[in-house]
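Observations on the model geometry
One-letter residues, chain by chain:
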Amino acid sequence: RDPAESSGARPRLAPGLWESDEPGEGSFPTIPPFRYSETLHFTHVGQPVINFMFNAFHAESKKPLHRECGFIRLQPGTNRVAFIIAQNSGIVEIEEGELTGRQLTLQTHALARTSFAREPHVQQISRHFQLRADGRLEQTVSMATGDQPLMQHLHITYRRCS
Ligand code: HEM
């Protein structure tokens, strides 16, 4: 019997909800800086695949800003991780990377967009997750567009709610 189960503690792959506890910071050389909040939902159906949904809102107006959802796949027997992502902005993307301790770094492996997606077109995304010792999760997202080299777009910290 799994000791985590008998003690009532969460198994590692339990569904989870995370919320930003203070506003995240958005920036890019071509846009005014902004602050946002975000919720992360993770679920699974008993397979070694995680279903995720990230919803971001403007911190002050609460307007929905960005949404992405998809699947997280792990290569069995390795520390390789893939995110298969659909974004509301019309991008679909596969990011791949490696889990090292409590850090996960991912880079775009494949990217496609709708024929009428707004310019500038994003060319490359790089994402870094860090689970901190205090239990908070940090995400940093950088991107390169047709106009700009790879640069930070987002930084945010979440706390686990359930
Ligand atoms: C702008 C991509 C996530 C909020 C942009 C731009 C791009 C982009 C290409 C236009 C930059 C320019 O004009 O030079 C992405 C990608 C994301 C992402 C690829 C995910 C991987 C987010 C999130 C938020 C957000 C989570 C949170 C609220 C904004 C805002 C702008 C912006 C407010 C400026 C206004 C606008 O162009 O709509 N983003 N973004 N983005 N992004 Fe993101």
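Structure first, text after, so check above.
Notes on the structure follow. (Residues numbered from 1 in each chain as written. Predicted model: local features only at pLDDT ≥ 70, side-chain atom pairs only at ≥ 80, totals over all residues. Heavy atoms only, no water.)

1. Some words on the coordination of the iron atom of the ligand
Defined as follows: Keep in mind that water is not among the atoms, so a site may look incomplete; donors are the N, O and S atoms within 2.8 Å of the metal, or 3.2 Å for Na, K and Ca. In this description a helix means any DSSP run of H or I spanning at least four residues, a strand means any run of E spanning at least two, and both kinds are numbered starting from the N terminus.
From the protein, the iron atom of the ligand takes a single donor atom, His153 (NE2), 2.2 Å away. In this fold, His153 is placed in strand S11 (residues 151–160).

2. Structural notes on the pattern of salt bridges
Opposite charge on two side chains allows them to pair when their charged atoms are near. Applicable threshold: Every case where a carboxyl oxygen of Asp or Glu lies within 4 Å of a side-chain nitrogen of Lys or Arg is listed as a salt bridge. Categorising residues by exposure relies on relative accessible area from a 1.4 Å probe, with only protein chains included: less than 20% of the type maximum marks a residue as buried, more than 50% marks it as exposed, and the intermediate range marks it as partly exposed.
Inspection of every chain in the model, using the stated rule, returns eight salt bridges. Arg80 is the salt-bridge partner of Glu98, the closest N and O atoms lying 3.3 Å from each other. Taken together, the residues span a long stretch of sequence, with Glu98 in strand S7 (residues 91–100) and Arg80 in strand S6 (residues 80–87) at a distance of 18 residues. Under the relative-accessibility criterion, Arg80 is labelled partly exposed at 29%. The shortest N-O distance in the salt bridge between Glu138 and Arg132 comes to 3.1 Å. Using a relative accessible area of 27% as the deciding quantity, one classes Arg132 as partly exposed.

3. A look at the site of the ligand
The line we're drawing: Neighbouring residues are identified by heavy atoms, a residue being near a molecule or strand if any of them is within 4 Å of it. Any pair of nitrogen or oxygen atoms within 3.5 Å is treated as a polar contact; in protein, a donor-acceptor pairing is required on top of that, and neighbouring residues in sequence qualify only through side-chain atoms on both sides.
As a matter of local geometry, the ligand sits amid 18 residues, with Thr30, Phe34, Leu65, Met143 and His153 nearest to it. Between the ligand and Thr30 there is a distance of 2.5 Å, counted from an oxygen atom to a side-chain nitrogen or oxygen. One of the side-chain nitrogen or oxygen atoms of His153 is found 3.0 Å away from a nitrogen atom of the ligand. The set of elements that each furnish at least two residues to the shell around the ligand consists of strand S3 (31–43), strand S5 (64–74), strand S9 (122–131), strand S10 (137–145) and S11.

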